[in-house]
Amino acid sequence: MKTTLHGRRTRPLVAVAATAGLVLVAACTSTDDGGSGKKTAAGGVELVKGGKLTTCTHLPYPPFQSEIDGKVQGFDVALIDLVAKDLGVEQDILDTPFENFKTGAFLNSGECDLAAAGMTITEERKKNVDFSAPYFNATQALLVDKKSGVRSLADLKAKKVKLGAQAQTTGEDYTKKQGFDPVSFESSDAVLNGLRTGQVGAVVIDYPVVQGWLKDKANAAAFRVAANINTGEQYGFTVKKGNTKLREAIDKALADAKADGTYKKLYEKWIGPYDESAASPAAS
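Residues numbered from 1 in each chain as written. Predicted model: local features only at pLDDT ≥ 70, side-chain atom pairs only at ≥ 80, totals over all residues. Heavy atoms only, no water.

Visitor: Help me out: how do you make sense of the overall build of the protein in this one?
Guide: Per the secondary structure count, the protein includes 12 helices and 17 strands. Within the protein, buried positions represent 49% of all 284 residues. Long-range contacts, defined here as pairs at least 24 residues apart, represent 70% of the contacts in the protein between residues at least 6 apart. Accessible surface, the protein as shown: approximately 13,000 Å² in total, 51% of it carbon and sulfur. (Helix = DSSP H or I, 4+ residues; strand = E, 2+ residues; numbered from the N terminus. Buried < 20%, exposed > 50% of the residue type's maximum accessible area, 1.4 Å probe, protein only. Contact = heavy atoms within 4.5 Å. Areas by Shrake-Rupley, 256 points an atom, 1.4 Å probe, with all protein chains shown as cover.)

Visitor: Please clarify how the pairing of strand β15 (residues 202–206) should be interpreted in this entry.
Guide: Along any regular strand the residues' side chains alternate between the sheet's two faces. In terms of residue burial, β15 counts as a mostly covered element, since 5 of its 5 residues are buried. Two strands pair when backbone bridges link them, and strand β12 (residues 136–145) and β15 are joined in this way by 5 bridges, in the antiparallel orientation. The residue of β15 that forms the bridge with Q140 is D206. As judged from the 3 bridges shared by strand β13 (residues 163–166) and β15, these two strands associate in the parallel manner. Opposite L163, over in β15, you have A202 as the bridge partner. (Pairing = 2+ DSSP bridges.)

Visitor: Would you mind showing me how to read the packing of helix α2 (residues 75–87) against helix α11 (residues 244–260) here?
Guide: To characterise two packed helices, one gives the angle between the axes of the helices and the distance between these axes. Running from N to C, α2 and α11 cross one another at 115°; their axes reach a closest spacing of 9 Å. As summarised for this structure, α2 and α11 are arranged roughly perpendicular, according to the angle between their axes. With respect to the hand of their crossing, α2 and α11 are arranged in right-handed fashion. Contact residues: α2 offers L79, L82, V83, D86 and L87, while α11 offers L246, A249, I250, A253, L254 and A257. Split into classes, the residues belonging to the contact of α2 with α11 amount to 10 nonpolar, no polar and 1 charged. (Axes fitted to C-alpha atoms, helices over the stretch in contact; angles between N-to-C directions. Parallel < 35°, antiparallel > 145°, perpendicular 65-115°, else oblique. Left-handed = near helix turned anticlockwise from the far one by under 90°. Nonpolar A, V, L, I, M, F, W, Y, C, P; charged D, E, K, R; others polar.)

Visitor: Sorry if this is basic, but what is going on with the nonpolar core here?
Guide: Generally speaking, a soluble globular protein has its nonpolar side chains buried in company with each other. Judged by nonpolar contacts, the single largest core of 46 residues is most densely connected at L53, F75, L87, F136 and W213. For this core, the secondary-structure elements that each account for two or more residues are α2, β12, α8 (188–196), β15, α9 (207–213), β16 (223–235), α11 and α12 (262–270). Sorting elements by how many residues they give to this core places α2 first, with 7 residues. Residues L94, L107, M119 and F131 belong to the second largest nonpolar core, which totals 13 residues. (Core = buried A, V, L, I, M, F, W, Y, C linked by side-chain atoms within 4.5 Å.)

What follows is the structure, encoded as structure tokens:
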């Protein structure tokens, strides 16, 4: 059911890995916090809803988060499910506008405990939110219509092919720094649709997203990766500034998953062949 909060349309969505066992643990470990309306989970982590770890995201953004068979699934979702399990609660997902993640608005207003949206760690964003340890090294890709003849960003500029990117993303920021004026699309689905319908002849977006698109035979027949762009980006999950206990809980779950092989299994399921550098322990 859709609800309107603070003038923005949001959708509460259920994550996929909740089990009866987790529900039972949540009932045993989540307690009222002195009548303040907040709840306390394992490790003294305060949550905005009792028995729930509420995650803000922006759909769709496969393979990190998207609706599959009526449930929100993906790499980010699976990793945060590990955090929820450690806390003895279930993950609950709220679909919100992407600009929210740069400002931390829904974290500050108490709508969500954390944000997971394939978000790059930047110094500018750190002013508004606290990031977890990096969990994924992300590169950008230049995806072009095969008919365009484009083989590089320089070629794109020379041929005056219209470029697209997802609004409010580092991919869009990067293209602007390279002197382009990209067409901005609200979501990754809209970016792909813009390419399919000829609104643009090329797009710059995170490479894992492109990998997912090219699994579709029709997309693979029409488009190709003209260039991979290593911008030194790493993804992190965010919490409200000063929410040290939750940030540490996220970091612990990530470290444990990398140590016991769970991270590798999830990476191979959602991203593709495992790249060990994706588990880098420090932000670049």
